[in-house]
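The lines below spell out each chain.
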Amino acid sequence: MHKLTMVVNGQQMTAEIEARTLLSGFLRDRLGLTGTHIGCDTSQCGACMVLVNGQAVKACSVLAADLDGVEVTTIEGMANPDGSLGHIQQAFQDCHGLQCGFCTPGMVMSTAALLAENPKPTEDEVRHSLEGNICRCTGYQNIVRAVMAASGQDQGTKATAHV
Amino acid sequence: MYDFNFLKPTSVADAVAALIDEDAQPLSGGQTLIPAMKARLNAPGTLVSLTGIPELVGVCCAGDTLVIGAATTHAQVARDAAGYFPGLAALAGQIGDPAVRNRGTIGGSLANNDPSACYPAAALGTGATIVTDRREIAADDFFQGMFTTALENGEIITSVRFPIPQASAYAKFVQPASRFALTAAFVARYASGVRVAITGASENGVFRWAEAEAALSSDFSAEAISGLSASAHEMIADLHGTAAYRAHLVGVMTRRAVTAAG
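**Comments concerning the overall build of chain B**
Thinking step 1. Helix and strand counts for chain B stand at ten helices and twelve strands.
Thinking step 2. A compact globule built from 262 residues should have a C-alpha radius of gyration of about 18 Å, and chain B, at 18 Å, falls within 12% of that.
Thinking step 3. Seen through its principal axes, chain B has C-alpha atoms that stretch 55 × 45 × 30 Å.
Thinking step 4. The long-range fraction of contacts in chain B, counting pairs at least 24 apart against all pairs at least 6 apart in sequence, stands at 58%.
Thinking step 5. Of the roughly 10300 Å² of accessible surface on chain B, 51% is carried by carbon and sulfur atoms.
Thinking step 6. One way to put it: in chain B the 17 positive side-chain charges average out to a point 8 Å from where the 23 negative ones average out.

Right, here's the structure in full:
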């Protein structure tokens with residue numbers, strides 16, 4: 001067993017874990033943070049994307065034991081303190097950047113990593129930054145619009161969805 | 001995946017000592033090894049993480065050589081090498097996706113020697129030197145076929161030394177599902193001549209395209225190799241492309257790389 005210390009969504013925690021515990025399993029099964037979705041579980045789909053020290057990482061492809069001392073942000077850490085949707089989440093809702101929503105936590109986390117590094121990305125940069133996130137519903141158009149809107153560049157393209 | 005012992009040393013010496021155990025394997029970014037372990041294709045008794053060793057991380061320019069620590073992530077190379085060796089930085093920025101680049105390392109990629117990986121093309125295409133805990137290995141001697149290298153059991157890469165070319169570029173035909181190279185070419189021009197390395201195409205892994213190197217060394221232009229075609233012999237054939245298709249791509253991607261290098 002390995003002793004693990006992490007700051008998850010701003011809260012310090014410690015745990016004893018098996019070496020083989022993946023970050024995705026640790027977050028979901030031990031901490032109950034089930035917003036981090038396990039889609040393919042083969043590091044293809046990006047539904048399990050979280051931030052590790054601010055960088056996008058697929059939680060299904062990293063050992064929790066290798067992350068002792070880091071800061072992790074999950075989708076549960078993206079809402080505003082009062083529980084309302086954070087601005088990236090709100091942009092996804094406004095632009096209808098999801099259909100079934102399964103991939104959305106990963107999309108939001110990749111967006112957070114992108115905008116932290118590049119606050120005003122071009123559409124090409126958005127698409128490049130989402131190459132590790134697969135959505136099987138939307139065709140990506142409204143996801144890209146949501147990211148552009150979240151960066152304050154909505155250019156009147158939001159709310160194109162049919163309701 | 002099966003459980004294992006996990007060690008995270010903070011020095012190369014401690015890592016090498018831990019890897020004397022025959023059932024131990026090094027773990028770098030884990031973007032290949034962990035999925036393989038989850039699929040039970042690999043089940044080491046002990047994993048020795050190399051991500052907690054400061055001396056293995058960093059990009060440093062020394063004259064006409066760029067030295068990259070083995071545990072440096074692709075994302076860091078894409079960022080920190082751009083001012084010294086833009087062809088290499090651009091290659092690093094095309095590996096996988098952002099999350100893979102945030103974890104995957106140059107040493108891990110070279111040690112794995114996936115036949116479709118990007119970094120082997122840069123190492124072979126520049127005549128880089130692979131530095132390990134015990135010796136230095138020329139790239140021409142390092143790659144020994146699909147998933148096979150000159151590394152001994154327990155030997156770890158500590159850094160890679162790239163001679164910085166006058167001009168270089170990497171042209172990659174992406175296999176969009178895996179984001180590996182379906183076929184890709186790294187071209188580098190030096191005062192002494194041109195080197196061309198091809199990845200993703202051969203069943204024997206990364207290789208140098210000697211005919212193109214000879215033609216480009218006397219005339220560095222896409223036209224100089226327009227009449228050359230690579231042989232389909234021992235090219236990879238799978239559902240993504242036939243051997244003949246990959247052989248064709250060798251020429252196409254090499255010409256694109258030459259044009260991009262300018």
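Let's pick the thread back up.
**Re the sheet that holds strand 4 (residues 55–58) of chain A**
All names here are of chain A.
Thinking step 1. Read across the sheet, five strands follow the order 2-1-5-3-4 without closing on themselves; strand pairing throughout is mixed. Looking at the sheet topology across the chains shown, the edges are occupied by strand 2 (11–17) and strand 4. With strand direction ignored, the average angle separating the axes of adjacent strands in the sheet is 40°.
Thinking step 2. Here strand 3 (residues 49–52) pairs with strand 4 via four bridges, running antiparallel.

**Focus: the pattern of salt bridges**
Thinking step 1. Considering all chains together, one arrives at 16 salt bridges over all chains under this definition.
Thinking step 2. Each of Asp140, Arg195, Arg208 and Glu213 of chain B takes part in a single network of salt bridges with overlapping partners.

**Some points on the environment of Cys103 of chain A**
Residues and elements named next belong to chain A.
Thinking step 1. Mapping Cys103 onto the fold places it in the loop between helix 2 (87–94) and helix 3 (104–117).
Thinking step 2. A relative accessible area of 11% places Cys103 in the buried class.
Thinking step 3. Sequence separation between Cys103 and Leu115 is twelve residues, and the spatial gap between their C-alpha atoms is 18 Å.
Thinking step 4. Dropping the residues within four chain positions of it, Cys103 is found in contact with Ala47, Ile134 and Cys135.

**Quick word on the domain arrangement of chain A**
Residue and element names in this part refer to chain A.
Thinking step 1. Along its sequence, chain A is organised into domain 1 (2–77) and domain 2 (87–150).
Thinking step 2. A straight line from the C-alpha centre of domain 1 to that of domain 2 covers 21 Å.
Thinking step 3. On the domain 2 side, the residues contacting the 17 residues of domain 1 number 14 residues.
Thinking step 4. For the domain 1 and domain 2 pair, buried surface summed over both sides reaches about 1100 Å², with 68% attributable to carbon and sulfur atoms.
Thinking step 5. Connecting domain 1 to domain 2 are zero salt bridges.

**Structural notes on the interface of chain B and chain A**
Thinking step 1. In this assembly, 27 residues from chain B lie in contact with 25 residues from chain A.
Thinking step 2. Carbon and sulfur atoms make up 51% of the area that chain B and chain A hide from each other, which totals about 2000 Å².
Thinking step 3. Per-residue buried area on chain B facing chain A is highest for Phe6, Lys38 and Arg103 of chain B; these three make up 26% of the total on that side.
Thinking step 4. Among the ionic pairs, Arg103 of chain B bridges to Asp66 of chain A, the shortest N-O distance being 3.6 Å.
Thinking step 5. Here chain B is connected to chain A by eleven residue pairs in polar contact (both at pLDDT 80 or more).
Thinking step 6. Listed by contribution, the elements that provide at least two residues to the side of chain B that touches chain A are helix 2 (33–38), strand 3 (46–49) and helix 5 (98–103) of chain B.

**Here's the deal with the domain arrangement of chain B**
Residue and element names in this part refer to chain B.
Thinking step 1. In terms of domain boundaries, chain B breaks down into domain 1 (5–49), domain 2 (54–163) and domain 3 (167–261).
Thinking step 2. In this structure, domain 2 and domain 3 have C-alpha centres spaced 19 Å apart.
Thinking step 3. Residue-level contacts link 26 residues of domain 2 with 22 residues of domain 3.
Thinking step 4. In this assembly, domain 2 packs against domain 3 so that about 1900 Å² is buried in total across both faces, 59% of it on carbon and sulfur atoms.
Thinking step 5. Summed over the shared surface of domain 2 and domain 3, the result is two salt bridges.
Thinking step 6. Notably, a salt bridge pairs Arg195 with Asp140, separated by 3.2 Å at the nearest N-O pair.
Thinking step 7. Sorting the residues of the side of domain 2 that touches domain 3 by element identifies helix 4 (86–92) and helix 7 (119–126) as the ones contributing at least two each.
Thinking step 8. Per element, the largest residue contribution to the side of domain 2 that touches domain 3 is six residues, and it comes from helix 7.
Thinking step 9. Looking at the side of domain 2 that touches domain 3 residue by residue, the class counts come to 14 nonpolar, nine polar and three charged.

Parameters at a glance
Counting from 1, residues in each chain are numbered in the order their sequence is written. To read the labels, note that chains go from A and ligands from 1, taken in the order they are written. Owing to the predicted nature of the model, reporting of local features is limited to residues with pLDDT of at least 70; listing and counting of side-chain atom pairs is limited to 80 or more, with chain, interface and lining totals taken over all residues. Think of the side-chain values as coming from all heavy atoms in the structure, minus any hydrogens and water. Each helix corresponds to a stretch of at least 4 residues labelled H or I by DSSP, and each strand to a stretch of at least 2 residues labelled E; elements are numbered beginning at the N terminus. With the radius of gyration taken over C-alpha atoms, the globule rule is written as 2.2 Å times the number of residues to the power 0.38. For this analysis, residues touch if any pair of their heavy atoms sits within 4.5 Å. Only the protein chains shown count as cover for residues, and the accessible areas themselves come from Shrake-Rupley with a 1.4 Å probe. Residues scored as positive are Lys and Arg, those scored as negative are Asp and Glu, and His as well as the terminal groups of each chain are ignored. For the purpose of locating charges, the reference atoms are NZ of Lys, CZ of Arg, CG of Asp and CD of Glu. Only strands that DSSP links by at least two bridges are regarded as paired with each other. A fitted line through C-alpha atoms serves as each axis, taken over the contacting stretch for helices, and the angle formed by two N-to-C directions is quoted from 0 to 180°. When a carboxyl oxygen of Asp or Glu is within 4 Å of a side-chain nitrogen of Lys or Arg, the pair counts as a salt bridge. A simple rule labels every residue: compare its accessible area, found with a 1.4 Å probe on the protein chains alone, to the largest value its type can have, and call it buried under 20%, exposed over 50%, or partly exposed in between. Each domain's extent is set by a domain assignment, obtained either automatically or from a database. Once two parts are put together, the accessible area they lose, assessed with a 1.4 Å probe and summed over both, is termed the buried area. Think of a polar contact as two N or O atoms within 3.5 Å of one another; within protein, one of them needs to be a possible hydrogen donor and the other a possible acceptor, and neighboring residues in sequence only count if both atoms come from side chains. Gly is placed with the polar residues, together with every amino acid not listed as nonpolar (Ala, Val, Leu, Ile, Met, Phe, Trp, Tyr, Cys and Pro) or charged (Asp, Glu, Lys and Arg).

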